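# Inside the fold
Residues per chain, in single letters:
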Amino acid sequence: MKQYNIAVLPGDFIGPEVIDATTQVLDLVADAFDFKLNYERLPFGGNALDSHGHPLPEETKEACGKSDAVLMGSAGGPVGDHPWNKVAREFRVESGILGIRKHLGVFANLRPVKVFAGLEHLSPLKDAVAQGTDMMIIRELTGGIYFGKPSLVEENKGLSTMVYERYEVERIARVAFESAKLRGGKVTSVDKANVLDVSQFWQDVVIGVHESEFKDIELDHLYVDNAAMQIASNPKQFDTVVTSNIFGDILSDLAAVIPGSLGVLPSASIGGKIGLYEAIHGSAPDIAGQNKANPTGTLLSGAMMLRHSLDQSEAAKVIDDAVQTALKENPTGDLGGSAGTAEFTKTVIAALKLPEKAS
Ligand code: NAD
Ligand code: IPM
Ligand code: MN
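Keep in mind the model is a prediction, meaning the values are calculated, not measured.

Under the 1.5 Å per step criterion, the end-to-end length of helix H4 (residues 93–104) is 17 Å for 12 residues, consistent within 8% with the ideal 16 Å. Within H4, burial applies to Val93, Gly96, Ile97, Leu98, Ile100, Arg101 and Leu104. Looking at the residues trailing H4, positive phi occurs at Gly105, about 65°.

Spelled out as structure tokens, the structure:
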């Protein structure tokens, strides 16, 4: 039987709740498809800061580096006045999140945004607007203003720096064009080239990659402010969107409104040897411990892990389909339904169309 070693970073608050739901489902699917997932749960996030003095302890980094894939819950504390937010930048939980992405070299973050047929009613947008949304936001993940130097806080000055090197833009552009090839054949590059030199550079490099390698793919450009408006008002026009680290972070939370909740969007971070899989939402301290977390984003991230890192695409599809059914039959509170995390997970499990085992 094939075995895979999965490094699991449950994190804080709802992180462990959505991870538990996901490993339950993954285990049933793995068993039916005749493979085994060996999980190693590792300290990560605010709880690791408390117990190990660092949000990304060395042992966690090392174990992730040796795994077949990394599955993350979510980490971080409440926004505002909290001890985890008062430590030096390198000890912030968010630096741990950035640290594991950088350590694994996963420069391309794929954030699919899809409104499944029959689930338009879960969107706060009009059915006709939400219906048919199927876009892939490709967010650059290991560069840009998140990592640029200098970066500092002084008494009378705060400074962050947005830098992109040519190779960073070229490689993310290639991921976007390759993705578009398998989808609708269109890439929209989002920048702020009307104001920012770094964005002008981004646009020039994307155009260069397009002209020399991907002439058959349609390419257009939008400024990020207009892109935000277009995503909210006419999401169907988008196929593959490629953008920088910070713009992708913001636009993907906005795009999560289309299917109905921040809780439903998954992500796959690829480009290194080992993939990292996490929902796009945070640790949601406001709803933690109340059976309210929607595990959909993490469940679908688990399916992306099966597809991208473990070559188990049939098993991945079984999870995708069951989640779709559960969203229809028994949605969670954030989507206007009444299911809690546990009830929703049970509905997903009941909806799994597992193959019969040979023996
Ligand atoms: P958040 O995503 O945690 O929560 C925003 C809102 O969405 C809250 O009202 C929350 O209840 C709701 N929500 C989020 N996920 C949900 C789910 N699965 N089901 C139902 N409702 C859900 O954002 P925030 O409050 O800005 O951040 C809280 C902490 O999480 C911060 O420390 C932040 O840095 C961290 N964070 C971590 C990650 C990650 O681990 N990858 C991602 C984003 C934010
Ligand atoms: C995300 C989060 C992270 C990011 C933070 C918590 C570091 O918002 O994964 O979207 O900005 O990348
Ligand atoms: Mn975010």
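Right, let's get into the site of ligand 2. Taken together, the neighbourhood of ligand 2 is formed by Glu94, Ile97, Leu98, Arg101, Arg111, Arg139, Tyr146, Asp249 and Ile280. Contact between ligand 2 and Arg139: an oxygen atom at 2.7 Å from a side-chain N or O atom of the residue. Compared with its free state, where it exposes 320 Å², ligand 2 has 79% of that area covered by protein. In terms of residues, the shell around ligand 2 owes the most to one element, H4, which gives four residues. Of the residues belonging to the shell around ligand 2, the class tally is four nonpolar, no polar and five charged. Formed jointly, the shell around ligand 2 draws a minimum of three residues from each of two domains, domain 1 (1–112 + 258–359) and domain 2 (134–255).

Below, the discussion takes up unusual backbone geometry. Between Lys149 and the following residue, Pro150, the backbone shows a cis peptide bond with an omega angle of 0°. Residue position: Pro150 is located in strand S6 (residues 148–153). One non-glycine residue, Phe13, adopts positive backbone phi at about 50°. Looking at the element boundaries, Phe13 is found in the loop between strand S1 (2–11) and helix H1 (14–32). A positive phi angle, near 40°, is found at Ala284, a position not held by glycine. Relative to the assigned elements, Ala284 resides in the loop between strand S12 (275–278) and helix H10 (296–308).

As a further point, take the pairing of strand S9 (residues 218–223). Where strand S8 (residues 186–191) lies against S9, six bridges are found, and the strand directions are parallel. Within S9, the position partnered with Ser189 by the bridge is His221. On the question of chirality, the crossover connecting S8 to the parallel S9 by way of helix H7 (residues 197–213) is right-handed.

Taken together, 22 residues lie around ligand 1, and Gly77, Glu94, Glu278, Gly282 and Ala284 are the ones closest in. Contact between ligand 1 and Ser283: an oxygen atom at 3.1 Å from a main-chain N or O atom of the residue. With respect to ligand 1, the side chain of Asp286 contributes an N or O atom lying 2.9 Å from an oxygen atom. When ligand 1 is considered free in solution it has 810 Å² of accessible area, and contact with the protein chains removes 73% of it.

With that out of the way, let us pick up the sheet that holds strand S5 (residues 134–140). Reading across the sheet, the 10 strands line up as S2-S1-S3-S12-S11-S4-S5-S10-S8-S9 and stay open at both edges, with mixed pairing between neighbours. The open sheet has two edge strands with one neighbour each: strand S2 (35–41) and S9. Adjacent strand axes in the sheet meet at a mean angle of 25° when their direction is disregarded. In this sheet, strand S3 (residues 69–74) lies alongside S1 in parallel orientation, the contact comprising five bridges. Residue pairing for S3: Leu9 is matched across the bridge by Met72. Sheet strands touched by H4: S1, S3, strand S4 (108–114), S5 and S12. Its angle to S12, the strand with the most contacts, is close to 150°.

Here helix H11 (residues 313–329) spans 24 Å end to end across 17 residues, near enough to the 24 Å set by a 1.5 Å rise per residue. Here H11 has its buried residues at Ala315, Ala316, Val318, Ile319, Asp320, Ala322, Val323, Ala326 and Leu327. The inward-facing, buried residues of H11 contact H1, S2, H10 and helix H12 (341–351).

Definitions and limits used
Residues numbered from 1 in each chain as written. Chains lettered and ligands numbered in written order. Predicted model: local features only at pLDDT ≥ 70, side-chain atom pairs only at ≥ 80, totals over all residues. Heavy atoms only, no water. Helix = DSSP H or I, 4+ residues; strand = E, 2+ residues; numbered from the N terminus. Expected span 1.5 Å × (residues − 1). Buried < 20%, exposed > 50% of the residue type's maximum accessible area, 1.4 Å probe, protein only. Near = heavy atom within 4 Å. Polar contact = N/O pair within 3.5 Å; in protein donor to acceptor, adjacent residues only side chain to side chain. Areas by Shrake-Rupley, 256 points an atom, 1.4 Å probe, with all protein chains shown as cover. Nonpolar A, V, L, I, M, F, W, Y, C, P; charged D, E, K, R; others polar. Domains from an automatic or database assignment. Pairing = 2+ DSSP bridges. Right-handed = clockwise from strand over helix to strand, strands pointing away. Axes fitted to C-alpha atoms, helices over the stretch in contact; angles between N-to-C directions. Contact = heavy atoms within 4.5 Å.

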